[in-house]
Amino acid sequence: ALPPCRLEECMAATSMNSWVGKFHLITADASLERMLKGLWSGSQAEWQTFTDGRKSAEKLLLEPPDLFLIDNRIPDISGIELARLIKGENVYRQIPVVLLLSGAESFEEFTFGELEVDDFLVLPCEDDVVRLRIMLALHRGKRSFDANPLTRLPGNTSIIRRIQQGIGRGEEFAVGYVDLDYFKSFNDRYGFSRGDEVLMMISRLLVNSVRGTPCRQSFLGHVGGDDFVFITPFTCAEDTCRGIVSSFDAIIPSFYDEKDRLAGGIRSKDRSGNERDYPLITVSIGVTHNLGGRLKHYGQASAAASALKSLAKRNGRSGYVIDRRAYP
C-alpha cells in the first residue's frame, strides 16, 4: 500500500510537468471551459471541447479520450443521457465520465445508483479540488481497465508499476510468481466453466494468504490465465508460500468428480493429441527478492521468479523455491 499523502503533497504531484491525459469536455459554458483548461499547461493535457453532446459521442469512435467531462446543462441532450450513450458502447465503458453539476440544480431528481458516471463535481468549487477529483477519476479508470475481467485483480500494468515503485524506493521486498500445474488438462476434461471456478478459488486463496500475514505492505496481481504474482516483505515470503500450498492442496480435490478424486487424477489428451494420465492440479511458486537493491528493473524480477517457479515444478507436487542468496 502506498503511504497516504497530505493535500499539499498531492497538489504538488498533480502540478508537475508530467503528461496527465486527453480530455473531451462537453459544455456550452465558456467560463467553465476556461477554468478547466487552466488546470494544467498545454504540454500536460490535450483538450477537445464540444458544445453539442451528440457530436461528441460521434467523435468518440474516432479519437477516444482518457476521460470525459460532461456538463449536465448542454443544450441538445442532458449530460446524464449523454453519459448513458457513451457507456452504452461496450468498447469504451472503461473510459471514466465525470458529470459537472451546478450548485443550483436539484439533486432529488437523480437516482445515483442508476447514473452511468464514475464521479461528479458540483460547481463552482476550488480549482485545486477540481484538479484532484479529475486525477482521482483518471487513476480509478486506469485501475479498472487493467483489472483481470474474471478475478478483478490488478493486471500486468499494475504489477509492473508496483515492482518498479518498490525498486525505485529501495524496498526490500519479495516477488512471488504463482502458477498452476496440470490446469490445461483439467480444462480439457471438465470445460472452461469449471476451470474458471478453479481460478476464482485460487484468487480468493491468494488474497487470504497474502493479506493474512502480519506484513501489511503486500500486493497481489493476476498476470493472466493461471499465472499470479504477489509482492510482500521478504520476511513474510515463506509463511505466505506455506499458506498458499497448504490451503490449495486441501481445497483442490473438491473440484474433481468423485471418480477422478478417488483415482488421484484424470485421463486427458496432451498437446499432441495422445491420451495420458494427469495428477490433480498442483501449485508452484518461485520467489525472488530485492534485498540489497539487487533488482534494477521489472524484467529482472519477472525472469528470476519465473525461473525459480520452473524449479519448483520439478518435484511433481505443490511447492515453492525461494532465492535466499544475499540474505543477511
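Everything that follows concerns the structure shown earlier in this document.
The paragraphs below set out a description of the structure included in this document. (Residues numbered from 1 in each chain as written. Predicted model: local features only at pLDDT ≥ 70, side-chain atom pairs only at ≥ 80, totals over all residues. Heavy atoms only, no water.)

## Describing the side chain of D226
By the element assignment, D226 lies in the loop between strand 7 (219–224) and strand 8 (227–233). We note that D226 is buried and unpaired, the nearest opposite charge coming from K313 at a distance of 6.3 Å. Sequence-distant contacts of D226, defined by excluding residues within four places in its chain, comprise V178, D179, L180, F183 and L199. (Helix = DSSP H or I, 4+ residues; strand = E, 2+ residues; numbered from the N terminus. Buried < 20%, exposed > 50% of the residue type's maximum accessible area, 1.4 Å probe, protein only. Lys, Arg positive; Asp, Glu negative; His and termini not counted. Salt bridge = Lys/Arg side-chain N within 4 Å of Asp/Glu carboxyl O. Contact = heavy atoms within 4.5 Å.)

## Concerning helix 7 (residues 183–190)
Along helix 7, the residues classified as buried are F183, S185, F186, N187 and Y190. Taken together, the buried residues of helix 7 touch strand 6 (173–181), helix 8 (192–211), helix 10 (258–263), strand 9 (265–269) and strand 10 (275–279). Positive phi shows up at G191, right after helix 7, with a value of about 100 degrees.

## Details of a positive patch on the surface
A cluster of basic residues, R140, K142, R143 and R161, forms a positive patch on the protein surface. In this fold, R161 is placed in helix 6 (residues 156–169). (Patch = residues over 30% accessible without salt bridge, like charges linked within 9 Å, V, L, I, M, F, W, Y side chains within 5 Å. Areas by Shrake-Rupley, 256 points an atom, 1.4 Å probe, with all protein chains shown as cover. Charge placed at Lys NZ, Arg CZ, Asp CG, Glu CD.)

## Some words on the environment of Q165
Residue position: Q165 is located in helix 6. Along the primary structure Q165 and H297 are separated by 132 residues, whereas in three dimensions their C-alpha atoms are 9.8 Å apart.

## Re the packing of aromatic side chains
What the rule picks out here adds up to five aromatic pairs. With a centroid separation of 5.6 Å and an interplanar angle of 25 degrees, the aromatic rings of F23 and W40 are classed as stacked. Here the residue F23 occupies a position in strand 1 (residues 21–26), and W40 occupies one in the loop between helix 2 (30–37) and strand 2 (45–50), the gap between them amounting to 17 residues. Using a relative accessible area of 0% as the deciding quantity, one classes F23 as buried. One aromatic cluster in this structure is built from F23, W40 and W47. A cation sits over an aromatic face here: R189 above Y190, 5.1 Å from the ring centre. (Phe/Tyr/Trp six-rings, centres within 6.5 Å; stacked < 30°, edge-to-face > 60°. Lys NZ or Arg CZ within 6 Å of the ring centre and 35° of its normal.)

## Examining the side chain of S203
Following the sequence through the fold, S203 ends up in helix 8. S203 has contacts with T151, L153, L220 and F228, leaving out every residue within four places of it along the chain.

## Digging into the nonpolar core
In terms of nonpolar packing, the biggest core is built from 35 residues, with L180, V198, F230, F248, I281 and I285 touching the most fellow members. Mapped onto this core, the elements with two or more residues apiece are strand 6, helix 7, helix 8, strand 8, helix 9 (237–251) and strand 11 (282–289). When neighbours within four sequence positions are excluded, F248 is seen to be in contact with L180, M201, I202, L205, I281, T282, V283 and S318. Grouped together as the second largest cluster of nonpolar side chains are 20 residues, L67, V98, I134 and L138 included. (Core = buried A, V, L, I, M, F, W, Y, C linked by side-chain atoms within 4.5 Å.)

## Some details on the sheet that holds strand 4 (residues 97–102)
Taking strand neighbours across the sheet as the criterion, the five strands line up as 2-1-3-4-5 in an open arrangement whose pairing is parallel. Both edges of this open sheet fall to strand 2 and strand 5 (119–123), since each of them pairs with a single strand only. With direction set aside, neighbouring strand axes in the sheet form an average angle of 20 degrees. Helix 2 contacts strand 1, strand 2, strand 3 (67–71), strand 4 and strand 5 of the sheet and is inclined by roughly 170 degrees relative to strand 2. On the sheet, helix 4 (residues 79–87) packs against strand 1, strand 3 and strand 4 and is oriented at approximately 155 degrees with respect to strand 3. (Pairing = 2+ DSSP bridges. Axes fitted to C-alpha atoms, helices over the stretch in contact; angles between N-to-C directions.)

## Looking at the pairing of strand 11
Across the eight residues of strand 11, eight count as buried, placing the element largely inside the fold. In this sheet, strand 11 lies alongside strand 6 in antiparallel orientation, the contact comprising eight bridges. Within strand 11, the residue paired with A174 across the bridge is H289. Alignment of strand 11 against strand 12 (residues 319–322), held across four bridges, turns out to be parallel. Within strand 12, the position partnered with G286 by the bridge is V321. With helix 11 (residues 298–313) bridging strand 11 and its parallel neighbour strand 12, the resulting β-α-β unit is left-handed. (Right-handed = clockwise from strand over helix to strand, strands pointing away.)

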